[in-house]
Amino acid sequence: MRSASRILSLTILGFAIVIMGLGSGLSAAPAQAGEVPLPNPAKAFKGEQCVEPIDVMRRDHFEFLKHQRDETLREGIRGKKYSLNACIDCHAVTSPDIAGGKLRTLKPFCAECHSYAAVSIDCFECHSGAVQPGIGSEIGKQSALPPNHEQLKADKALITLLKGHLDPTSPQGGTGQ
Amino acid sequence: MTDKTMNTVDSSPVDATKRTLLKGGVAAAVITLAPGITLRTVEAAVTGPATQAKRWGMLIDATAPEGVWDLAVEACKAEQGWGSDHNKSGKANAATDPQWIRKVSIKNPKTGAKASLPVMCQHCANPPCVDVCPTGASMKREDGIVLVDKHICIGCRYCMMACPYSARSFVHEPVEMQKPHMPRGKGTVEGCTMCVHRVDKGQQPACVEALNKAGSDAIMFGDLNDPKSDISRAVSKYVTQRIRADLGVEPGVHYRGI
């Protein structure tokens, strides 16, 4: 069942590429400098190195994530290094233009590249540690959270902020991750 | 899947170290790739995979004072983060909001005898929810824990129809403030996971732990395959029964006193 749907989605992707190719007049020239700025993902909040060398991460992170997802959930293998919670721990940062800097977010990191590459992922609707205050292995040290963030967690105003942040129709415009 | 093959290699001292490294048994191993380039693995000890050697189960004592079931329900909510979902106008909907575990009161109409017991996913050995799932999202782990793989759940709710215990719920409203160990989201089905994230760490499910802390052993958790485990001993000592045993689904949850 699953492999069938994968083949289907690959086929659809194939069509999409053909259509895009036609649309752009089949020009193979690299994007002109200044046309679309190259993505500039935010620096990791924590850690000196990623779980793999950077060029490997850029190319293959989604394969790692998918593999680990299946291993964790379906086989019960835990503690391997490509954990989504671990990515969140190191890469979620606060940013003044997102929820006034009160919540950590992956938008300046994952979404920075994904919007460039027209990738749309839907992970953080459930894995919402990425858009919460003070969750993670180093509670309190994560990003520039206020020291009383534990109390803030129950703060209605903050929850409203979060809602606005998650709502794609709001001026803050969804997480876009 | 190198790790798996590694596991079957017999352990000469050299292999053993290599294996621990690969499995990340060392908390922060530094691997030198080339002069000047190092790769630090950030993983803690790797655990699993789940195997058929274990069969996790529960034994519930329906003669316990009924207040303990409220405690078990609250502990589950707190651990897994359900029970406070609401719609856009901030309203909860008792008819459709998720319920991973609930207290059920029963009465024998002839004798008037009453009992109260918690009902949740019964973690069947032959789970009908798995049979009917069109995507493979409804699944049983090797150790008998029945789960929803929400990554491939399309929200069709066939499993909810198939479950004789009405143990699964559909998430109708957007969810926020999920726990990192329990991602939940609108449009998928969910139910008791036997606290798989805790069990995999060698801990007890949240409901069991909460009752233990309150001095009650009304819910026992353990390995039904291990004849020496507390739960196996209890199951062989008391008269126990499983709800709707006639269906042949072989639940992993046993009850006594009903």
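The structure under discussion appears in the preceding block.
Residues numbered from 1 in each chain as written. Chains lettered and ligands numbered in written order. Predicted model: local features only at pLDDT ≥ 70, side-chain atom pairs only at ≥ 80, totals over all residues. Heavy atoms only, no water.

Per the secondary structure count, chain A includes six helices and two strands. The buried share of chain A, taken over its 177 residues, is 32%. Relative to all contacts within chain A whose residues are 6 or more apart in sequence, the contacts with residues 24 or more apart total 60%. Working note: accessible area of chain A is about 10,700 Å², and carbon and sulfur atoms make up 64% of it. (Helix = DSSP H or I, 4+ residues; strand = E, 2+ residues; numbered from the N terminus. Buried < 20%, exposed > 50% of the residue type's maximum accessible area, 1.4 Å probe, protein only. Contact = heavy atoms within 4.5 Å. Areas by Shrake-Rupley, 256 points an atom, 1.4 Å probe, with all protein chains shown as cover.)

The next subject is the packing of aromatic side chains. Pairs of aromatic rings are described using the distance from one ring centre to the other and the angle between the two planes. Throughout the structure, instances matching the rule amount to two aromatic pairs over all chains. Centre to centre, the rings of Phe64(A) and Tyr82(A) are 4.2 Å apart; their planes meet at 5°, and the pair counts as stacked. Of this pair, Phe64(A) sits in helix H2 (residues 54-75) while Tyr82(A) sits in the loop between H2 and helix H3 (84-91), placing them 18 residues apart in sequence. The pair Phe64(A) / Tyr82(A) is uniform in exposure class, with both members buried. With centroids separated by 5.0 Å and ring planes inclined at 20°, the aromatic side chains of Trp56(B) and Phe221(B) adopt a geometry described as stacked. (Phe/Tyr/Trp six-rings, centres within 6.5 Å; stacked < 30°, edge-to-face > 60°.)

Now for helix H4 (residues 107-116) of chain A. Residue and element names in this part refer to chain A. Among the residues of H4, those classed as buried are Cys 110, Ala 111 and His 114. One face of H4 carries all of its buried residues, which in axial projection span an arc of 85°. Taken from the residues just after H4, Ala 118 is the one with a positive phi, measuring 55°. (Arc of directions from axis to C-beta.)

Quick look at the pairing of strand E4 (residues 101-107) of chain B now. When a strand is regular, its side chains alternate between the sheet's two faces. Note: E4(B) against strand E5 (residues 114-120) of chain B, seven bridges, orientation antiparallel. Across the sheet, residue Arg102(B) finds its bridge partner in E5(B), namely Val119(B). (Pairing = 2+ DSSP bridges.)

On to the pairing of E5(B), then. Among the seven residues that make up E5(B), six are buried, leaving the element largely enclosed by the rest of the structure. Here E4(B) folds back onto E5(B), and the loop between the two strands holds six residues, one of which, Gly112(B), carries a positive phi near 80°.

By the element assignment, Asp97(B) lies in the loop between helix H3 (67-80) and E4. Excluding residues within four positions of it along the chain, Asp97(B) makes contact with Asp85(B) and Ala92(B).

Formed by 49 residues in total, the largest nonpolar core has its most connected members in Met58(B), Trp69(B), Tyr165(B) and Ile219(B). Sorting the residues of this core by element identifies strand E3 (56-61), H3, E5, strand E7 (146-148), helix H6 (196-199), helix H7 (206-213), strand E10 (219-223) and strand E11 (253-256) of chain B as the ones contributing at least two each. If you tally residues by element for this core, the top one is H3(B), at five residues. Residues within four places of Trp69(B) in sequence aside, it is in contact with Ile60(B), Asp61(B), Ala62(B), Ala64(B), Lys103(B), Ser116(B), Leu117(B), Pro118(B), Leu211(B), Ala218(B) and Ile219(B). Within the second largest apolar cluster, seven residues are counted, among which are Leu84(A), Ala92(A), Leu106(A) and Ala130(A). (Core = buried A, V, L, I, M, F, W, Y, C linked by side-chain atoms within 4.5 Å.)

For the rest of this paragraph, the subject is a nonpolar patch on the surface. Residue and element names in this part refer to chain A. The grouping of Val 36, Leu 38 and Tyr 116 at the surface amounts to a nonpolar patch, some 310 Å² of accessible area in total. Counting through the fold element by element, Val 36 comes out in the loop between helix H1 (2-23) and H2. Residue Val 36 is classed as partly exposed on the basis of its relative accessible area, which comes to 46%. (Patch = residues over 30% accessible without salt bridge, like charges linked within 9 Å, V, L, I, M, F, W, Y side chains within 5 Å. Salt bridge = Lys/Arg side-chain N within 4 Å of Asp/Glu carboxyl O.)

Residue and element names in this part refer to chain B. Buried within helix H8 (residues 230-237) are the following residues: Ile 231, Ser 232 and Ala 234. Along the axis of H8, the buried positions cluster into a sector of 165°, meaning they face one direction only. More than 90 degrees from the buried face of H8, the exposed residues found are Asp 230, Ser 236 and Lys 237. Considering only its buried residues, H8 is in contact with E3 and E10.

Here the focus is unusual backbone geometry. Residue Pro49(B) is bonded to the preceding Gly48(B) through a cis peptide linkage, with omega at 0°. You can see Pro49(B) is positioned in the loop between strand E2 (37-40) and E3. A positive phi angle is found at Ala118(A), which is not glycine, with a value near 55°. Tracing the sequence through the fold places Ala118(A) in the loop between H4 and helix H5 (149-152).

A few words now on the side chain of Gln122(B). All names here are of chain B. Topologically, Gln 122 is positioned in the loop between E5 and helix H4 (128-132). Judged by relative accessible area, Gln 122 falls into the buried class, the value being 2%. Side chain to side chain, Gln 122 and Tyr 255 meet in a polar contact 3.2 Å long. In this structure Gln 122 touches Tyr 165, Ile 243, Pro 251, Gly 252, Val 253 and Tyr 255, once residues within four positions along its chain are discounted. (Polar contact = N/O pair within 3.5 Å; in protein donor to acceptor, adjacent residues only side chain to side chain.)

Moving on to the environment of Asp85(B). All names here are of chain B. Here Asp 85 lies in the loop between H3 and E4. The exposure class of Asp 85 is buried, given its relative accessible area of 9%. Between the alpha carbons of Asp 85 and Gly 48 there is a distance of 32 Å; along the sequence they are 37 residues apart. Residue contacts for Asp 85: discarding those within four places in its chain leaves Ala 92, Asp 97, Pro 98, Val 171, Val 175 and Arg 184. Among the polar contacts listed, one links the side chain of Asp 85 to the side chain of Arg 184, at a separation of 2.8 Å.

With that out of the way, let us pick up the environment of Glu209(B). Residues and elements named next belong to chain B. Here Glu 209 is to be found in helix H7. Given the relative accessible area of 28%, Glu 209 is considered partly exposed. Separated by eleven residues in the primary sequence, Glu 209 and Met 220 have C-alpha atoms spaced 9.5 Å apart.

All names here are of chain B. Across the sheet, which stays open at both edges, the three strands sit in the order E10-E3-E11 with mixed pairing between neighbours. Every interior strand has two partners, whereas the edge strands, E10 and E11, have only one. The average angle at which neighbouring strand axes cross in this sheet is 20°, direction not considered. In this structure, E3 lies alongside E10, joined through five bridges in antiparallel fashion. Its bridge partner lying in E10, Ile 60 is registered against Ile 219. This element, H7, spans E3 and E10 of the sheet and lies at about 130° to E10. Contacts between H8 and the sheet are confined to E3, E10 and E11, with E10 contributing the most and set at about 115° to the helix. (Axes fitted to C-alpha atoms, helices over the stretch in contact; angles between N-to-C directions.)

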